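This is what each chain is made of:
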Amino acid sequence: MGRYIAQRLLLAIPMVFILLTLLFLLLNAAPGDPVTATLGGRLPPEEIAQRKEALGLNDPLYVQYFNYMGNALTGDFGNPVTDPRSVVQIVLDTAPATIELALAAMLVAILLGITVGALSGRLRDTPFDVGGRLFGILIYAAPVFWTGLLAQLYFSVELGWLPSQQRAGGFDAPEPITGFYVFDSIITGDMAALGTVLSHLVLPAVTLGLLLGGVFIRLVRVNMLQTLRSDYVEAARARGLREHVVLFRHAFKTALIPIITIMGLQFAMLIGNAVLTEHTFTWPGLAQALVGFIGARDYAAVQGIVTFIALVIVGVSLLIDIFTGLVDPRVRY
């Protein structure tokens, strides 16, 4: 197992190098420079020239590249032009909201996808199976912002059951300790704040989770169908084991192994769709901050935030590889 982890770590190094290089080249392919694009026309040319010099934008491209790589690998993601905070501070302020939303959405996707997918595989070609497949296709194809707007219209405006925006309303927010509102409410024992936080979390988490749930429904169903036709499943049935034991103790565990790998790959998709979800629900997370900097044409902040997100995705992929090796010993050999 130690050798397997070492191999994964070594493979992650060129992945990070290639990813950061592509980000640098793409963002520097934009015309102009971030200072002129952001502050041009609002500051005199002399001050713009001073800011460009301070940010190293007058250096040759290869010098900017090596500075960018060195800073990114040491945890320095730069400084925005339109915000006095560093990118690191912006990440610390907003990332907990995005992570909390992503974890809640992943929980919704896993519960929905595994339940419907496993039952569809067991009840193949029944009305439940057909309905489950159709449901998975529809929720996967539906644009996440459109689904979010419909959820707001029905559950917030028509029924008035759930709030439609923000993480918590004003003084109802818990005492900020970690930035994760659910966790902060629990450790402070503030059950009123916990109820408020969860009510605000439901709509965006379900909206984002439904999209991934559609992917998991299809994957779990296909893997369950393949596993149920395996020889060891037939042998388990021949020994007289009850069907639910065969389904959940034997077939279900094996069918989940490929799903664990897919979860890591879908995490990138989750972050990408979080941009639309946070914008729809005015969720004050990292993706919402990224949209604001894009609108302000603050390319320095955009580059720093995207770099951080890319490194997080690489880290999650690495953890998924290691976890897969722990679950399935065949992967290690």
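Residues numbered from 1 in each chain as written. Predicted model: local features only at pLDDT ≥ 70, side-chain atom pairs only at ≥ 80, totals over all residues. Heavy atoms only, no water.

### Quick word on the overall build of the protein chain
At step 1: Within the protein chain one finds 13 helices and zero strands.
At step 2: Among the 333 residues that make up the protein chain, the fraction classed as buried is 42%.
At step 3: Long-range contacts, defined as pairs at least 24 residues apart, comprise 71% of the intrachain contacts of the protein chain with a sequence gap of at least 6.
At step 4: Total accessible area on the protein chain is roughly 17,600 Å²; 67% of this is exposed by carbon and sulfur atoms. (Helix = DSSP H or I, 4+ residues; strand = E, 2+ residues; numbered from the N terminus. Buried < 20%, exposed > 50% of the residue type's maximum accessible area, 1.4 Å probe, protein only. Contact = heavy atoms within 4.5 Å. Areas by Shrake-Rupley, 256 points an atom, 1.4 Å probe, with all protein chains shown as cover.)

### A closer look at the nonpolar core
At step 1: Judged by nonpolar contacts, the single largest core of 34 residues is most densely connected at Leu201, Leu208, Phe216, Met224 and Leu270.
At step 2: Top element by residues in this core is helix H9 (residues 191-228). It accounts for ten residues.
At step 3: Apart from residues lying up to four places away in sequence, Leu201 is in contact with Glu100, Leu101, Ala104, Val182 and Trp283. (Core = buried A, V, L, I, M, F, W, Y, C linked by side-chain atoms within 4.5 Å.)

### Here's the deal with the pattern of salt bridges
At step 1: Evaluation of the coordinates by the stated rule reveals four salt bridges.
At step 2: In this structure, Asp129 engages Arg221 in a salt bridge whose closest nitrogen and oxygen atoms are separated by 2.7 Å. Placement of the pair is Asp129 in helix H6 (residues 127-141) and Arg221 in helix H9, with a sequence separation of 92 residues. Like Asp129, the residue Arg221 is buried in the burial classification. (Salt bridge = Lys/Arg side-chain N within 4 Å of Asp/Glu carboxyl O.)

### Side note on the environment of Gly304
At step 1: Along the polypeptide, Gly304 turns up in helix H13 (residues 299-327).
At step 2: For the pair Gly304 and Val91, spaced 213 residues apart in sequence, the C-alpha to C-alpha distance is 9.5 Å.

### Comments concerning the side chain of Ser156
At step 1: Tracing the sequence through the fold places Ser156 in helix H7 (residues 144-158).
At step 2: Judged by relative accessible area, which is 15%, Ser156 ranks as buried.
At step 3: Within the structure, Ser156 has its side chain in polar contact with the backbone oxygen of Leu162 (distance 2.7 Å).
At step 4: In this structure, Ser156 is in contact with Ala151, Leu162, Pro163, Ser164 and Leu203, ignoring residues within four places of it in sequence. (Polar contact = N/O pair within 3.5 Å; in protein donor to acceptor, adjacent residues only side chain to side chain.)

Shape is all these values report; function is a separate question.
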